[in-house]
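# Breakdown of the fold
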Amino acid sequence: QQQQQRQQRRRQQQQQQQHPYEYFDSINVVSNSSGTTANKDRWRRRNNFGRANLRNMKFLSRLALFGIGTVVASVGFGVVWASDNLLKLRIDYALGDQQDQTEDLALAYAKFVLPSVLAALLAFVPVAVRPVAAGSGIAEAKAVLNGIGVNQCTEILTAACKAVSVIFANAASL
């Protein structure tokens, strides 16, 4: 009995000298899959959480992050390209043939304003479909990142409506 107590005290002293995280490696963990008590390393091996698998998971997560970033950058490039081309088209239409100076001032003003009004109305249509797409989206992004669920905020249709709306809003010079 005394010998068991001495061994127990030695184990406690050794655990106090260890790094705090090493203590957690030595304790038993309850496995969620079988409900039995198992060693942490055995649990990792059984559930494919070995070092090689963790490296693969890390590589795949970085690859996915790169892929998502590439897709988002491509969509952003497409939005900027489309809005610039629509704006250039509107300005070219409004200026028309500059050699023809006999054009009425009211007609020239109408050629400048009407495409802007049309583009502004077209920018409103996607927002009417998805009201969440209105505004800058900063408040919605902060809410989502803080864990607050905003209905329809992170859906693909909302992002598409936002992109179309931004394209036409830029073309309308808004």
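A brief look at the structure comes next. Predicted model only: the values in this text are computed from it and were never measured. (Residues numbered from 1 in each chain as written. Predicted model: local features only at pLDDT ≥ 70, side-chain atom pairs only at ≥ 80, totals over all residues. Heavy atoms only, no water.)

## So, the overall build of the chain
Across its full length, the chain carries 7 helices and 2 strands. Tracing the chain from N to C terminus, the helices and strands come up as α-α-β-β-α-α-α-α-α. Out of the 174 residues in the chain, the part that is buried amounts to 15%. In the chain, 52% of the contacts between residues at least 6 apart in sequence involve partners at least 24 apart. A total accessible area of about 13900 Å² is found for the chain, and carbon and sulfur atoms account for 60% of it. (Helix = DSSP H or I, 4+ residues; strand = E, 2+ residues; numbered from the N terminus. Buried < 20%, exposed > 50% of the residue type's maximum accessible area, 1.4 Å probe, protein only. Contact = heavy atoms within 4.5 Å. Areas by Shrake-Rupley, 256 points an atom, 1.4 Å probe, with all protein chains shown as cover.)

## Some words on the packing of aromatic side chains
Scanning the model with the defined rule gives 0 aromatic pairs in all. Positioned above the aromatic ring of Phe-112, the side-chain terminus of Arg-90 is 5.2 Å from the ring centre. (Phe/Tyr/Trp six-rings, centres within 6.5 Å; stacked < 30°, edge-to-face > 60°. Lys NZ or Arg CZ within 6 Å of the ring centre and 35° of its normal.)

## Comments concerning the layout of surface pockets
Its boundaries defined by the atoms lining it, the largest pocket holds a volume of some 590 Å³. Taken together, 23 residues line the largest pocket, and the ones lying closest to its centre are Thr-158, Ala-159, Ala-160, Lys-162 and Ala-163. The biggest single contributor to the lining of the largest pocket is helix H7 (residues 156-171), with 7 residues. Residue composition of the lining of the largest pocket, by class: 15 nonpolar, 5 polar and 3 charged. (1 Å grid on protein atoms, 1.4 Å probe; cavity = no way out; pocket = protein on both sides within 12 Å on 5 of 7 lines; lining within 4 Å. Points joined across faces, edges and corners; volume = space filled by probe spheres on them. Nonpolar A, V, L, I, M, F, W, Y, C, P; charged D, E, K, R; others polar.)

Keep in mind these numbers describe shape, not what the thing actually does.
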